[in-house]
Amino acid sequence: MRGLILCAFFPLVLACPIPHLDAQEKIDFIRDVQPILANHCWSCHGPDENSRQGELRLDQRDAAIAKKAIVPGDSKQSQIVSRIHETDPETLMPPASANKPLTEAQKATLAKWIDSGAEFAQHWAFIPPTDPKLPEGKASWSNKPIDLFVADKWKSLGLQESPQADRGTLLRRVYLDLTGLPPSAEDTEAFLADNSKDAFEKVVDRLLASQAYAERMAMTWLDLARYADTNGYNNDEDRTMWPWRDWVIQAFHQNMPYDQFLVEQLAGDLFESPTRDQLIATGFLRNQGHNTEGGIIVEEYRVEYVADRVHTTSTVCLGLSMQCARCHDHKYDPISQNEYYQFYAYFNNLDEKQASYSKFVAAEPFIRVPSSDQESQINQLQSEIGKLTEGIAQRKTDAGKNFKQWLAEHSIEEFQKRFGNQELHHFALESDDESSLFDQVTKQRIGIAKGNPKSDEGKFGRSIRLDGQSHYDLGNIANFDGTKPFSISVWVNAQEGGAVLSKMDEDSAFQGFDLLLENGKISSHLIHQWPSDAIKVISKPAISTDAWHHIVLVYDGSRSASGTKIYVDGKNQELEIANDNLKSSIATSKPFHLGLRERSLAFRGRIDRCSIFNGQLQPEQVAELFAGKDVSKIDEWLKKESLTSEERQVMESFYLANLDEDLANQQKTLAKAQKDRQNLEEQLPAVMVMKEMVPPRETFLLKRGQYDQPANKVNVGVPGVLLKQPENARQDRLGLAKWLVDPKNPLTARVAVNRWWQSYFGTGIVKTTEDFGITGEVPSHPELLDYLAVKLIASGWNVKAIQKEIVMSATYQQDSRIGSAGIEHDPENRLLARGPRYRLGAETIRDNALAISGLLVSKVGGPSVKPYQPDGLWEDVTVDRRGKYVADTGEGLYRRSMYTFWKRTCPPPSMMNFDAPNREVCLARRARTNTPLQSLILLNDPTYIEAARSLAETMIRASDSSDARINAGYKRAVARSAKPEELAILSEVLQQASDRFKQHPEMASALNKTGSKPAAAQIDPVELASWTVVASTLLNLDETISKR
Amino acid sequence: MEKETKIRLAFDRRNFLRQSAVGSMALSSLIGSSVQSAAISGKAPHFPAKAKRIIYLFQSGGPSQLELMDYKPKLKELHGSELPDSIRQGQRLTGMTSGQKSFPVVAPKFRFQQHGKSGAWFSELLPYTAKMSDDLCIIRSMHTEAINHDPAITFMQTGSQQPGRPSLGSWMSYGLGSEADDLPSFVVMISHGTGKDANQGLLDRLWGSGFLPSSHQGVKLRSGSDPVLYLNDPAGMDRDLRRKMLDGLAKLNDLQRIQDGDPEIATRMEQYEMAFRMQASVPELTDLSDEPAETFDLYGANAKSPGTFAANCLMARRLVERGVRFVQLYHRGWDNHGNLPSNIPKQCQDIDQPQAALIADLKRRGLLEDTLVIWGGEFGRTVYSQGSLQDDYGRDHHGRCFTMWMAGGGFKPGTVVGETDDYGYNIVKDPIHIHDLHGTILHCMGMDHLRLTYRYQGRDFRLTDIHGRVVPELLA
């Protein structure tokens, strides 16, 4: 039997409380008592009314005293003290079933607290920060506020600061922290040679001004914003939200004030005439996944998306998990379920359209975001389209005049020859042979019967009867693309609804058109892609079943619902417009069906006289059809002496549609321009954005958080315990955003500075970066946290200023070596008596290697890229095994990792194994684990082998001496020279590698072939391979993959 | 060379820990931290465990209970009749059939027979599995609220329909740790059904660690030359040279550790050594040349083709033999909205012999009693036909009832639990929810589902959320 080896595949995260200060210290309610009450009592005796037992609440002092649970000053008389010491399991509190027994120490704390008066206090994080008094400091060390607060904590523990880190280490630390990249060998040399007093500050200023800083700041924002390049869920299609990522980078680069940074992302669309950038910013709230699975219930997921926005916003801005209050009142924090849904209501007012699977671009609403080149092309096309549209309108105005002119130049005979009939097909349905249909226009039988259509008594003569299992497939006729007018006339006598006729590709997002009888109403779809590119109109009155009705669909080719008419029994119907965003072609090669869509919605009843026309039928012509006549032959009208004004109108529109060549040319040019614009627009990245609904959607409290369990209606509102909104606050997301960044909001600034602190020191001042609520951890340095929060607000939310203040502190600049006392008393460095040190994050590990080796391509922004990834990963998990990952060639292989294509259902393994999240939900704090899979990546991933070879080439070129080469490698990798012992060890590795490759030169050539860049031809392959092994060792050094 | 390396490694490790004053400190803090985290996460079982490890044979797409193991003789006469409203009871349907006007009942095309002492019914599609009848604990009364793949499979694998929670395997890894020192504690393998290409995706979150530390996520074991991602040294690097390089690296890191006093450096050095051991242990694991011909008679010839369900079953046995805690298989292709009678026999042929062989193999090796084998999909399928009734009919998703089976690991063998109505539509006896199954699985693994918790964002999360119970009827 194998032994239990605990460390295998386990994170060695040392989970320790903040080192205890003084056992004799006074009881502090927030620090000592509240966690006990919250964790052990409040589930049943807390804010949640529904789960409250015995009408006792222990989260309010008066209520607890009234019930005699607490008698201040007298623990012996206090019932909670007796109950927690009960020996009878029936009456013991907390009950055994809660699985939350109290320790003796906790019991003692409660008693001590009651004896000392049982004072409650408002949770620290819900009280706005005030500028704390600076402690008296040790001037000899540092007088900077951060350092004074940190050192103040050391006094009672007898701790003292570590010396400043050596300059090379410090330079590398600040580079990695501010930019996520190491200093180049030249940067290091220049810094070491700069003896001026402000040498370090100059470096900091330069780094803060760099794009790399902005990228580094944006990188951590991506986890919070659950940014990804695909939708997640079953189908996981690609999306193009990267312009939002670019916006974040530029916001940090320009040092956008943090309040504005939040407000634009939460409500940029609600500014008065928002800029495109402000709209893009709201992509923050659209970065969540989108499920396009075939059978989903749309409302169920829409509710999840709203809940996700609530969770993300509250975690990112407030450090609170509002989601606990989704199903019931929060158990610990004073947030009721009602307040949750008030908060939810802000985000519920988005008409997020369910996107279809097969042609996913984005879920509406979205905007297309062109580059500047694309933008000028579009403008040019737009002005051309404008001119053509004017020209076309003019031709229409002049139609009467031009027609006369035409008639003067042409003979009636010529007209007759060309336009005797505009009817394309006419199925009278008179024949008893049901196997196919006779077309009166082409004079031949076409199509094929499916199932069992039966000839039956018709409106005129005979008709066909369909039984719900039958239809006619008439082949590829009526192939309209939606840019030209057409009309369809048909008689129906329905028993049940269904598709009267249709030409549609159901698998291609329903591309095509149909005429339906749905719920007693006539409707029609013209679709390129349902529902994002389609028209749907529904006639308002219902029609009766088991009676004959005449239905005509008339469409003018304008791709708008307003150009679509439905006549029932000769009358133009008032239409409900259910969808009106058709932009693209409705043409499909699927057959035209009578009595069925492609597969669904079979029609049951009789159909008679179906005609298809290639123009718009005029009302008079519809009336003729309804009266059972043929449509007037226009050529016959020409012989008439005088025309009525209606007839004249018909003639003119006929002229325009068929005879006006100038118009036709202009229309052709217009269509091409529109097509060009459409093609161009389809290439533009679609960025999903926020947009309010008018009128607003009503929000209801959802019982147990279930989408189909609405209870009472709620209005928008904020959790009052934090900060009341001003009377005149806007009742929308902008109002919410302003409330979040109100200087009196107790959380927003604290949460922000705490997260930044975490990115420098590895742990936040509040360790639970994502939870500032009652069950979160209390701050290790409350005054420091408040100082930074107040400073942030007072500085006008100046992000760079705070970063600078942190890295300029002596605390940050300390040596990070750990003495034995440090390991024993403060393994997590919560007291900050040494500098920060920990393994780099996923992206930085790779970026660092690319930078060290000189492979990094430092292009900023743009679409995501695909670096090396093992074959077959996507095919293993994707629908129908499609969606092969094809690695980029060229610069895409060497961009910073924040640009790596992020597929939610199969994220890049080299990132995941270093603790990156899959980006399905907001994450404020990554774990930091150590696993052998990480070692395998650093040893074997082609990224790192290629980087090693590239570094080897640089080392070889640096000098002829081995020691100098190793030193050059060390400088690049860890910003220092190698020590003699290190030189000796690496020389030995070099020797061993060299011996091996000399014996087996084929191994050397094989190693040199890894990656897409060719090996330097001038360098001897054996030498190059040997140095590659040395360089790979350097890239794997703990020192290289750590900040120290 | 292998033996030499091990000895040298042991020496090196001892050496670097002893060399300096902080050495012993580093060691003790390593051990200390493990003990500490054990106390927090309950690395030891809460009570004596019946099962030590799990093999989960997930059938992705939703296999039809009606064609496999939930025999409904009345369907023959009900065939073609309309599903009565009294049976459907307004049950919500997926967007794929909710527009359907008619719901004709369709009887399965396959013959059923009783097997074993338990007299459990199996269709003719599962002859090998049927022979194992007396080892199986069959649940015909599983149910779920989910009616679509993504939420349903996420529910089954994480206890929640929505993304963000840790998977079953990662809870096990978190709760119980690993028994293998050179293999991951949670391994995932995927095979593709011959019935049809799967029109539903698998998702990283199904074996993800959610809010648990990422070291608990499942590690994919793939067919092909690089069974664990990045396992192989690059071309041109042989084992001996790799060893020498790692020795150099260890020495350099150790210098750093001594200088900086950071115990985490020692931890990271351990990972390199473990990686090196994995580079040997994984190929040894995946090299089937030590299997006698008889193995392939048992599992079927497909077991020789890497990446098949048969090969993955054999690999699962080899993994649990080596102490891997949780082996998660996915077999894709069960989503038979149409052409069910043509496709399902192929799917069954993929799985029947190998899964029966796995049980028999574990049993004869004495592993079945403390290995839990779980079989099932994310939901069942409707008794009514999707679309009009056709010869090669299809069935839509159905969460109201479906069939799973367990073998070994403390589940009661030779039992059939639960019963559905004559339509195979509703449960009429002993409903078992996914949360209940999870609670019972944890129980067999020695863990109280109420006590296996992880605090995240101020809340103690459980696999069973706020639900679930241990189902006594399922226990041996």
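Residues numbered from 1 in each chain as written. Chains lettered and ligands numbered in written order. Predicted model: local features only at pLDDT ≥ 70, side-chain atom pairs only at ≥ 80, totals over all residues. Heavy atoms only, no water.

## Description of the packing of helix α32 (residues 942-958) of chain A against helix α36 (residues 1021-1036) of chain A
All names here are of chain A. Contact pair α32 / α36: the axes reach a minimum separation of 7 Å and the direction vectors enclose 115°. Considering their axes alone, α32 and α36 lie roughly perpendicular with respect to each other. Viewed along their axes, α32 and α36 form a crossing whose handedness is right-handed. Between α32 and α36, the residues in contact are Y944, I945, A947, A948, R949, L951, A952, E953, M955 and I956 and E1023, L1024, W1027, T1028, V1030, A1031, S1032, L1034 and L1035, respectively. (Axes fitted to C-alpha atoms, helices over the stretch in contact; angles between N-to-C directions. Helix = DSSP H or I, 4+ residues; strand = E, 2+ residues; numbered from the N terminus. Parallel < 35°, antiparallel > 145°, perpendicular 65-115°, else oblique. Left-handed = near helix turned anticlockwise from the far one by under 90°. Contact = heavy atoms within 4.5 Å.)

## Some details on the packing of helix α24 (residues 748-761) of chain A against helix α26 (residues 799-808) of chain A
Residues and elements named next belong to chain A. At a minimum axis distance of 11 Å, the contact between α24 and α26 shows a crossing angle of 40°. Comparing their axes, α26 and α24 come out oblique. The handedness of the crossing between α24 and α26 is right-handed. For the pair formed by α24 and α26, the contact residues are V753, W756, W757, Y760 and F761 on the first element and V799, I802, Q803, I806 and V807 on the second.

## Remarks on the sheet that holds strand β10 (residues 498-505) of chain A
Residue and element names in this part refer to chain A. Taken together, the eight strands give an open sheet; going across it, the order is β5-β8-β18-β10-β11-β12-β13-β17, and neighbouring strands pair in antiparallel fashion. The sheet is open, and its two edges are formed by β5 (448-450) and β17 (575-580), each paired on a single side. Pairwise comparison of adjacent strand axes, ignoring direction, gives a mean angle of 15° for this sheet. Bridge analysis of strand β11 (residues 511-518) against strand β12 (residues 521-529) gives seven bridges, and the strand direction is antiparallel. Looking at β12, one finds that G512 is bridged to I527. (Pairing = 2+ DSSP bridges.)

## Looking at the state of the cysteines
For the structure shown, the criterion picks out zero disulfides over all chains. Cysteine C324(A) is unpaired, with the sulfur of C327(A) as its nearest cysteine sulfur at 9.0 Å. (Disulfide = S-S within 2.5 Å.)

## A short note on the interface of chain B and chain A
Listed as interface residues are 106 residues of chain B and, on the opposing side, 113 residues of chain A. Summed over both sides, the interface of chain B with chain A buries roughly 9400 Å², with 57% coming from carbon and sulfur. For the chain B face of the interface with chain A, the top three residues by lost area are Y230(B), R268(B) and Q457(B), together amounting to 9%. Where chain B touches chain A, the interface holds nine salt bridges. As a salt-bridge pair, K251(B) and E988(A) come within 3.6 Å of each other at their nearest N and O atoms. The element best represented in the side of chain B that touches chain A is helix α9 (residues 239-260) of chain B, accounting for 14 residues. Of the residues that constitute the side of chain B that touches chain A, the class distribution is 41 nonpolar, 36 polar and 29 charged. (Buried area = accessible area lost by both parts, 1.4 Å probe. Salt bridge = Lys/Arg side-chain N within 4 Å of Asp/Glu carboxyl O. Nonpolar A, V, L, I, M, F, W, Y, C, P; charged D, E, K, R; others polar.)

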